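# Inside the fold
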Number of protein chains: 2
Amino acid sequence: MPVPDAEESLARWGGPSDAPELPSRVRDYLAQQVGVARAWPPAEPASWQPIPSRVPRSVADALRLAVGDDHVSDARADRLAATGGAAFIDYARRRSGTIDDVPDLVVRPGTHDEVMRVLAVAREHSVAVVPVGGGTSVVGGLRTDTPRIALALDRLGRLLHLDEVSGIATVGPAVTGPVLEALLQARGYTLGHLPQSWERATIGGYVATRSAGQSSTGYGRSDDMVESLLVATPEGTLELGRGPSTAAGPDLRGLLIGSEGAFGVITRVGLRVRRLPEHRIYDAVLLPGFATGVEAFRDATQSRATADVMRLSDEAETATTLLMSGPTGLARAALERYARARGVELASASLAILGWEGTDRDLVRARRAATWRALRRHGGVSLGHGPGESWRRHRFDGPHLRDALMDAGYLVETLETATHWSSYLSLHAQVTSVLDDALGPRPGPYVMSHLSHAYETGASLYTTVIAVADRIDPVAQWQRAKSATSDALVAAGATITHHHAVGRDHAPWLAAEVGSLGVSILRAAKGAVDPDGLLNPGVLGL
Amino acid sequence: MPVPDAEESLARWGGPSDAPELPSRVRDYLAQQVGVARAWPPAEPASWQPIPSRVPRSVADALRLAVGDDHVSDARADRLAATGGAAFIDYARRRSGTIDDVPDLVVRPGTHDEVMRVLAVAREHSVAVVPVGGGTSVVGGLRTDTPRIALALDRLGRLLHLDEVSGIATVGPAVTGPVLEALLQARGYTLGHLPQSWERATIGGYVATRSAGQSSTGYGRSDDMVESLLVATPEGTLELGRGPSTAAGPDLRGLLIGSEGAFGVITRVGLRVRRLPEHRIYDAVLLPGFATGVEAFRDATQSRATADVMRLSDEAETATTLLMSGPTGLARAALERYARARGVELASASLAILGWEGTDRDLVRARRAATWRALRRHGGVSLGHGPGESWRRHRFDGPHLRDALMDAGYLVETLETATHWSSYLSLHAQVTSVLDDALGPRPGPYVMSHLSHAYETGASLYTTVIAVADRIDPVAQWQRAKSATSDALVAAGATITHHHAVGRDHAPWLAAEVGSLGVSILRAAKGAVDPDGLLNPGVLGL
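These numbers were taken from a predicted model, which means no experiment stands behind them.

With that settled, consider the packing of helix H5 (residues 88-95) of chain B against helix H17 (residues 398-407) of chain B. Residues and elements named next belong to chain B. Two numbers describe how H5 lies on H17: the axes approach to 12 Å, and their chain directions differ by 45 degrees. The angle between H5 and H17 places the two elements in the oblique class. The hand of the H5/H17 crossing is right-handed. Counting all contacts with H5, which are made through Phe-88, Tyr-91, Ala-92 and Arg-95, the residues of H17 involved are Arg-402, Asp-403, Met-406 and Asp-407.

See the structure below:
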C-alpha cells in the first residue's frame, strides 16, 4: 500500500516549511491586540501511540476476501492516514499527544461492488464503517473513538467520463480539487469549486458535506453541481439523478447530499462542469464600512448583478488584510489619501474582492459593469486589479497561516453561518460580541468576519477568531466559545452552518435547526438504508 | 361558505365563453392532419351524481369542534369544489358523467393550529386527508375514490409578510399566482413563477409538486424559490429553512418540496421574490430546424448567456403556431422570403421565444446581446419583438384552447420530461415516435414539442399530442399512449416528469426513477410523519 504522509498531515495543515514566517509587525500587532503568546511546539507525530486495533481478526480476514489482501491494513501508518480532522481542536489535541480517534482497520475498496461487499462484511460482524475522503472535516465528521473500519476511498479517484455535450464530469469520490481541475482544464472545462480545503478535500467529501467554495456565488455550491449520485448502502445501491431537474417527488438526491457518510458511501458523482473561462477580471474595492458594504452586496445580488466571487471583509478583517499584505509607510499614506478623497476612511473601511469569469468577453465586462453600478451607488472605491489578483493567488494560504499562528501559541479557529439580509448586520454584531465575551477579557480575542457567498435573500458570514491559546485546556477553551456562538446562531434564527457541515461538533444544535420531527425523519431515512446503524455512527447526532 | 363555481371548473378549464372559436383553417388542418372528429358535447355538471358522503357523522362533529361549524360541509357544491384534476382523462371522465373522485367531507381550517387539529381528528377516526389547493393536478394528484376528508386550504390564502430587505414574501399556501402577483407588484416585487395553470394553481400546490413555469430558466423553479416552509403533520409541526442556504445535514426542505400532500400539509411558505423588472425585452427568433435550435440553446446556457424565458418549438409546433397566429397570404410569402434570404426555410424552421427582464437596463441589454451572440452562431434569425410580446399576452391560452379542441371531439394532452443535452434529440425523436405508434394509424396523432426550461446540462421537453378522441373509451386510449411514453422515458434515462409531479398517474414509474431503495426511503420518511398513512394515500405510490 502506498503510504501517504499521514503523520505530517495530521500534525498540521501543511509541512513546516509551508507555513509563512510571521512578519514582526504582525507579531507586534497580535501581542498588542490579542496578547503575548508562548511558542507552541509543533506536534511530534512519532510520539503518538494509537491504541491497538480493536476489530477482530475475523473481520480483517473477511474484508481481505472482499477487496483483496493488499487493501486491508491495520498498520500504524495506514490507520493514521485514514484519521481525519482539521479543526483547531483536532490539532490542539494532537499537539498534546492525544490521538484517540484513529480507526482500527483500513479497507480500500476499488469498485462500487467492493464497497458493497465491505458493507456486507461490516453488517455481518456488526462493526461500524466510516467512509474517509480527504480527512479535512472541521466539525468532527470523522472524530470518534468507536471501534470501526475506515473505508478509505482513495482507489475510487478517477475522472470516469466527461460528457462534453452536456457538460457533466463523472468522477470517483476520491478525486481532489487540484487533480480534477488539472484533468478538466486540459480538456477546456472547470468545476469552479474552491473550498478552503481545496488542496486536500475530495469530491465525495464536498458532496457529503454540502460544501461551498470561494466562487460559489457564481459557480454554485457543491449541492448545485451534483447531477447524479451512486451510493452504496447496507440495504442496497441508490442511483439518483436523471436529467438536469425533475419533479418526480421529494428530492432524494438532496437527502443524500450532506448525509456525511451516515446514509451510505458515495461511490460515483456526476458533476456539472463549465467551459473554462477565457476572461477573468478580479477587482478590489473599498467600501465605507461593513454595513454599507453589505448594502452594496445586497443591492448587487437583488439587481441580479452578481460577480462570481463576492467577498466582503468587515473592518477588523480589512485592517488585518492591510496589515498582512497592504502597503506600508508612504505608500500606505498615499492609499489613505486616495481613499479619503473618494469618501472612504481607510481605518474604518471594508475591503471587497470581486471576480467575474466567463467565456464571453463582452458578457463578463457587462456583468462587471452592472456590479460596479451597484457598488458605486454605495460609495465603492476601486483599488484596481492588483489586490484582487493577489487575493486569488493567496486564496489557499489561510490554513498554512493557521499553522504558523498555532506554532506561535495562538488559538485560531473559524466558524460560519448564513442568514437573510434583514438580520445580517445584527447577527454579525452578535457573533462578534459572543466570541469577545467567551474568549475575553481584553486584550484578545481578535474577531474578524467576512461575507463570502451572496444570495438574493441573504449571505454567508464567516468569522475568524484569534486568541492566546489556553495551554492547559485549549480544547475546552474553544468549545466554550463555540458553544456560546452556536447558541446565539440558533437563537437568532440563523443556520448552524452554511458550509462546514454538522459532523459531531454541530450535532447538538441540529434539532434546533430542523426540529425534533426533522431529526425523526433523518433517523427514519437512515433506518431505511442502514438499519443496524453502522455508518459513521454519531455524525449528524444519529 | 362561499361556493366557488365548482361544477364549471371541473367540466372544463375555463367557462364556455373563454374557449376560442377554432378558425376554419385550423379545423381543416386538424381534419387533414389528425382526422375528422365528431363534436363532443361539453359536460353537464348538473347530471353528475356524487356518491353520498361515506365519512361518519362523528367525524364531521369532531371537525366542527376543531375548526368551527361554518367550515365543515358535505354539501354537493362544497364537495365538488374540493375535487380536482385537470388532465385530459379527468375531463374525459366527467364528459361521460363519471365523477367518482369527489371527497366525502370538506373542512376549511383557518390557521396552522386548526390544520393540526384536523389531522388529530383524522388520526383518531382513521380517515384519510387530502389537502386541496387549486385542484389543477394533471397527474391525478387528487384523483382517488378512497373515503376521505378534503382539507381545503382557501382560508390560508394571504400574503402574511413581505421582507423587502431580504426579498422574501411569506404567504399562506392558498394564494394563487394572480393574487400574489397583484399584491407583490403593488409593492414593487414579483415572484415570476408562471406555470400554465397560473390562473388557478396555488403557491402550496407549486411547492407540493415542485412546479416550474414559463420563466423558470431565469426565475428558477418553485423549489429554487422556497426559503422556508411550515408543515403540519400528524406527528407534529415541521419548520424548515433558516437562512438562504445551509450545510446542516441532508436537505429536509427539499424532501418536503414535492411531497404532494403525502408527508404533511404546507401551511406557510417563505418565497424569494424579486424586484419588479422595469425593463423587459421579448424576441421571437427563427432557427433552421429544431436540432440546430437545441444546439443554439445549449450554447447559450453553457456560455451562461441565458434569457429568463427560453422556449424553442420543434418543427411541428412551429408549423402549428404559424397556422394559429402567423401571417397568411402575401404576408406569409413575405415572411418566407425574409427567412429564406437569411438561410432559414420557414417550412422546417424552429421558432424560439426569448425574454430578458430586470431592473438594470444595461444589464438586460447586455444579457440579450450575449444570448443573441449564441443564437447567431447557429443561424438564428430575428422576427422582432412582435411575436414574442404576442406569445407573452397569450401565454395562458393553452388550457382554453384544449377546451375548444375537446368540444370539437379531439383528445388533447401534454406530457413532459427533461434530459441531458447529449440525449435530448434522441429523446425527442423517441417520444414523438412512441406517441405516433400508440395513437396511430395516420391520419393522426399530431405530436409537437417544445423546450421550455434550459439548464446548463440539459433541458425540459414538453410534448402536446392531438388525436381524434376514441369516444368509446378515451381514458384507455390516452392511458395506453401515456404508459408507452413513460416506459420509453424510463428506458432512455430521462426523468418521468420535469414539472407535472408524480400524483397517481406517474406513480408506477417512480421506482424506476429513484430505485426501490429510494422508494423505501420515501416510505420511511412518510412513516416518521404520518405513521397511519392517512395523508393523500396512493399519491407517489405510497
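This next bit is on the pattern of salt bridges. Tallied over the full model, the rule gives 69 salt bridges over all chains. A salt bridge links Asp-407 of chain A to Arg-12 of chain A; the nearest nitrogen and oxygen atoms lie 3.0 Å apart. Of this pair, Asp-407 of chain A sits in helix H17 (residues 398-407) while Arg-12 of chain A sits in the loop between helix H1 (6-11) and helix H2 (24-33); the two residues are 395 residues apart in sequence, bridging distant segments of the chain. There is no split in this pair, since Asp-407 of chain A and Arg-12 of chain A are both buried. Asp-308 of chain A is paired through a salt bridge with Arg-367 of chain A; the nearest N and O atoms lie 2.8 Å apart. With a gap of 59 residues between them, Asp-308 of chain A in the loop between helix H12 (290-302) and strand E13 (309-313) and Arg-367 of chain A in helix H15 (residues 361-377) connect regions that are remote in the sequence. Assigned by exposure class, Asp-308 of chain A and Arg-367 of chain A land together as buried. Overlapping salt bridges, with partners in common, bring together Asp-360, Arg-361 and Asp-362 of chain A together with Arg-373 of chain B in one network.

Under the defined criterion, the tally for this structure stands at 12 aromatic pairs over all chains. For the pair Tyr-282 of chain A and Trp-391 of chain A, a centre-to-centre distance of 6.4 Å together with 25 degrees between the ring planes defines the contact as stacked. With Tyr-282 of chain A in strand E12 (residues 279-287) and Trp-391 of chain A in helix H16 (residues 385-393), this residue pair connects regions lying 109 residues apart in the sequence. Across the pair, Trp-391 of chain A and Tyr-282 of chain A agree in class, each one buried. Here the aromatic rings of Trp-198 of chain B and Phe-396 of chain B are separated by 4.9 Å at their centres, their planes lie at 15 degrees, and the arrangement is stacked. In this pair, Trp-198 of chain B sits in the loop between strand E7 (189-190) and helix H8 (203-209) while Phe-396 of chain B sits in the loop between helix H16 (385-393) and H17, placing the two residues 198 residues apart along the sequence.

What follows covers the interface of chain A and chain B. Of the residues lining the interface, 92 residues belong to chain A; the matching set on chain B comes to 92 residues. Three residues, Arg-242, Pro-250 and Arg-304 of chain A, lead the burial of chain A against chain B; their summed loss comes to 12% of the area buried on that side. There are 12 salt bridges connecting chain A and chain B. Across the pair Asp-299 of chain B and Arg-275 of chain A runs a salt bridge, and its minimum N-O distance is 2.9 Å. For the interface between chain A and chain B, the tally reads 58 residue pairs in polar contact (both at pLDDT 80 or more). Top contributing element to the side of chain A that touches chain B by residue count: helix H20 (residues 510-529) of chain A, with 13 residues.

On to the environment of Ala-150 of chain A. Residue and element names in this part refer to chain A. With respect to the element layout, Ala-150 can be found in strand E4 (residues 148-152). Looking at Ala-150, the relative accessible area reads 1%, which means it is buried. With residues up to four places along the chain from it excluded, the contact list for Ala-150 reads Ala-82, Pro-103, Leu-105, Val-106, Val-107, Val-130 and Val-132.

You can overlay chain A on chain B at an RMSD of 0.0 Å; the transform is a turn of 180 degrees with a shift of 0.0 Å along its axis. Taken together, the rotation angle and the small translation identify this as a two-fold axis. Most of the interface of chain A is mirrored in chain B: 100% of its interface residues are interface residues there too.

Looking now at the side chain of His-428 of chain B. Residue and element names in this part refer to chain B. Here His-428 lies in helix H18 (residues 424-439). Of note is the side chain of His-428, whose polar atom sits 2.8 Å from the side chain of Asp-314. Once residues lying within four places of it in the same chain are set aside, the contact partners of His-428 are Phe-290, Asp-314, Ser-449 and Leu-461.

Residues and elements named next belong to chain A. Tracing the backbone through its elements, the reader meets Gln-214 in the loop between helix H8 (203-209) and helix H9 (216-219). On the basis of relative accessibility, which here comes to 10%, the residue Gln-214 falls in the buried class. Distance from Gln-214 to Arg-64, taken between C-alpha atoms, is 41 Å for residues 150 residues apart in sequence. Apart from residues no more than four positions distant in its own chain, Gln-214 is found in contact with Leu-194, Gln-196, Asp-308, Val-309, Trp-391, Arg-395, Phe-396 and Ser-452.

Along the chain, Gly-133 of chain A turns up in the loop between strand E3 (128-132) and E4. Along the chain, Gly-133 of chain A and Arg-93 of chain A lie 40 residues apart, while their C-alpha atoms are 21 Å from each other.

The strand order E5-E6-E10-E8-E9 (chain B) describes an open sheet built from five strands, whose pairing is antiparallel. Every other strand in the sheet has two partners, leaving strand E5 (159-163) and strand E9 (236-240) of chain B as the edge strands with one partner each. Each strand axis lies, on average, 10 degrees off the axis of its neighbour in the sheet, ignoring direction. In the sheet, strand E8 (residues 226-233) of chain B pairs with strand E10 (residues 265-272) of chain B via six bridges, with the strands oriented antiparallel. Residue Val-231 of chain B lies in a different strand from E10 of chain B, and its bridge partner there is Ile-266 of chain B. The strands that H20 of chain A touches are E8 and E9 of chain B; relative to E9 of chain B, the one it contacts most, it runs at about 115 degrees.

Basis of the calculations
- Residues numbered from 1 in each chain as written.
- Chains lettered and ligands numbered in written order.
- Predicted model: local features only at pLDDT ≥ 70, side-chain atom pairs only at ≥ 80, totals over all residues.
- Heavy atoms only, no water.
- Axes fitted to C-alpha atoms, helices over the stretch in contact; angles between N-to-C directions.
- Helix = DSSP H or I, 4+ residues; strand = E, 2+ residues; numbered from the N terminus.
- Parallel < 35°, antiparallel > 145°, perpendicular 65-115°, else oblique.
- Left-handed = near helix turned anticlockwise from the far one by under 90°.
- Contact = heavy atoms within 4.5 Å.
- Salt bridge = Lys/Arg side-chain N within 4 Å of Asp/Glu carboxyl O.
- Buried < 20%, exposed > 50% of the residue type's maximum accessible area, 1.4 Å probe, protein only.
- Phe/Tyr/Trp six-rings, centres within 6.5 Å; stacked < 30°, edge-to-face > 60°.
- Buried area = accessible area lost by both parts, 1.4 Å probe.
- Polar contact = N/O pair within 3.5 Å; in protein donor to acceptor, adjacent residues only side chain to side chain.
- Least-squares fit on C-alpha atoms with pLDDT ≥ 70 in both.
- Pairing = 2+ DSSP bridges.

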